[in-house]
Amino acid sequence: MEVVRQSPPIQGTAAAVDPLALRRALGAFATGVTVVTVGGARPHGMTANSFTSVSLDPPCILVCVQRTATMHGCLYDAGAFAVSVLGANQEPVARYFASKSRPMGNAQFDTVGWYPGAHTGAPLIVGALAHFECELRGTYDGGDHTIFLGRLLHLRHGPVRPALLFVNGQFGSTSLGSELLP
Ligand SMILES: Cc1cc2nc3c(=O)[nH]c(=O)nc-3n(C[C@H](O)[C@H](O)[C@H](O)COP(=O)(O)O)c2cc1C
């Protein structure tokens, strides 16, 4: 069978997609939940479930951030960021960093436990299952989002504990996976 190595350019207008159907279909894909943070002159945090592993060698991850989010400009300015992977008991933290009514700047971190990442200065959320500190290595057009590619500078993970999940617009949790690790 012949392998198509290069797809033809996309031409014409894409068929209209019902936004509600799109949201519902994408929402069926269960994800973990993270808080993306930056330090420096414009410290900021934002809940994100678009976090994805990209490459093991070199170690790279990505997050997709809405162009209208405050975090969008903060990421460009900081040039480095951190990702805290939330545990099952951290739904309030996820809701807080997704809320438009939280304070901005340093003040938004007054009500959560955090400490500055040694490699980026970005706030690391206390109690998270894992922390990734990254330097920003590329940005890519993602429609109404921008894809931020980070190269890993440092990581930390604690003992395996239940993770916070997001699926069908709701938070949940799982302890799945703990039996797989030594
Ligand atoms: C579970 C969950 C996951 C989210 N994931 C993302 C994401 O990956 N990218 C994004 O841009 N917004 C995401 N959001 C929405 C932002 O957290 C929300 O719009 C936030 O208020 C943006 O903050 P900012 O504008 O202060 O930066 C998510 C929200 C929730 C509740």
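Shown above is the structure to which this text applies.
Read on for a plain summary of the structure. As the structure is a prediction and not an experimental result, all values here were calculated from the model.

The rules behind each value
Residues numbered from 1 in each chain as written. Predicted model: local features only at pLDDT ≥ 70, side-chain atom pairs only at ≥ 80, totals over all residues. Helix = DSSP H or I, 4+ residues; strand = E, 2+ residues; numbered from the N terminus. Buried ≥ 20, exposed ≤ 12 C-beta atoms within 10 Å, placed from the backbone. Contact = placed C-beta atoms within 7 Å. Pairing = 2+ DSSP bridges. Axes fitted to C-alpha atoms, helices over the stretch in contact; angles between N-to-C directions. Near = placed C-beta within 6 Å. Nonpolar A, V, L, I, M, F, W, Y, C, P; charged D, E, K, R; others polar. Arc of directions from axis to C-beta.

### Notes on the overall build of the chain
Part 1 of the argument: A tally of helices and strands in the chain yields 3 helices and 12 strands.
Part 2 of the argument: Residues counted as buried form 27% of the 182 residues belonging to the chain.
Part 3 of the argument: Considering only contacts within the chain whose residues lie at least 6 apart along the sequence, 63% involve residues at least 24 apart.

### What to know about the pairing of strand β11 (residues 163–167)
Successive side chains on a regular strand alternate, one facing one side of the sheet and the next facing the other.
Part 1 of the argument: Two elements, strand β1 (residues 31–32) and β11, share 2 bridges in a ladder whose sense is antiparallel. When the bridges of β11 are listed, G32 appears paired with L165.
Part 2 of the argument: Relative to strand β12 (residues 170–174), β11 runs antiparallel, the two being bridged by 5 bridges. Along β12, the bridge assignment pairs L164 with S173.
Part 3 of the argument: Joining the antiparallel neighbours β11 and β12 is a turn of 2 residues, in which N168 adopts a positive phi near 50°.

### Here we look at the sheet that holds strand β6 (residues 80–85)
Part 1 of the argument: Taken together, the 7 strands give an open sheet; going across it, the order is β3-β2-β6-β9-β10-β5-β4, and neighbouring strands pair in antiparallel fashion. The open sheet has two free edges, formed respectively by β3 (44–48) and β4 (52–56), since each of these has just one partner strand. In this sheet, adjacent strand axes meet at a mean angle of 35° when their direction is disregarded.
Part 2 of the argument: Pairing analysis gives 4 bridges linking strand β2 (residues 34–38) to β6, with the strands arranged antiparallel.

### Remarks on the site of the ligand
Part 1 of the argument: Looking at the ligand, there are 16 residues lining it, with A48, S50, Q66, T70 and M71 nearest.
Part 2 of the argument: For the shell around the ligand, the secondary structure elements donating two or more residues are β3, β5 (59–66) and α2 (70–78).
Part 3 of the argument: Its residues placed into classes, the shell around the ligand shows 10 nonpolar, 5 polar and 1 charged.

### What about the pairing of β2?
Part 1 of the argument: In terms of residue burial, β2 counts as a mostly covered element, since 5 of its 5 residues are buried.
Part 2 of the argument: Of the two faces of β2, both are covered, the one formed by T34, V36 and V38 as well as the one formed by V35 and T37.
Part 3 of the argument: Pairing analysis gives 5 bridges linking β2 to β3, with the strands arranged antiparallel. Bridging from a neighbouring strand, T37 pairs with G45 of β3.
Part 4 of the argument: Here β2 folds back onto β3, and the loop between the two strands holds 5 residues, one of which, G40, carries a positive phi near 75°.

### Remarks on α2
Part 1 of the argument: Burial in α2 covers these residues: M71, C74, L75 and A78. Axial view of α2: buried residues confined to an arc of 100°, hence all on one face.
Part 2 of the argument: Looking at the buried residues of α2, the elements they touch are β2, β3, β5, β6, β9 (130–142) and β10 (145–157).
Part 3 of the argument: Of the residues trailing α2, G79 is marked for its positive phi of about 70°.

### Structural notes on the sheet that holds β11
Part 1 of the argument: Pairing in this open sheet of 3 strands is antiparallel, and the strands run β1-β11-β12 from one edge to the other. Where the open sheet ends on each side, the last strands, each with one partner, are β1 and β12.

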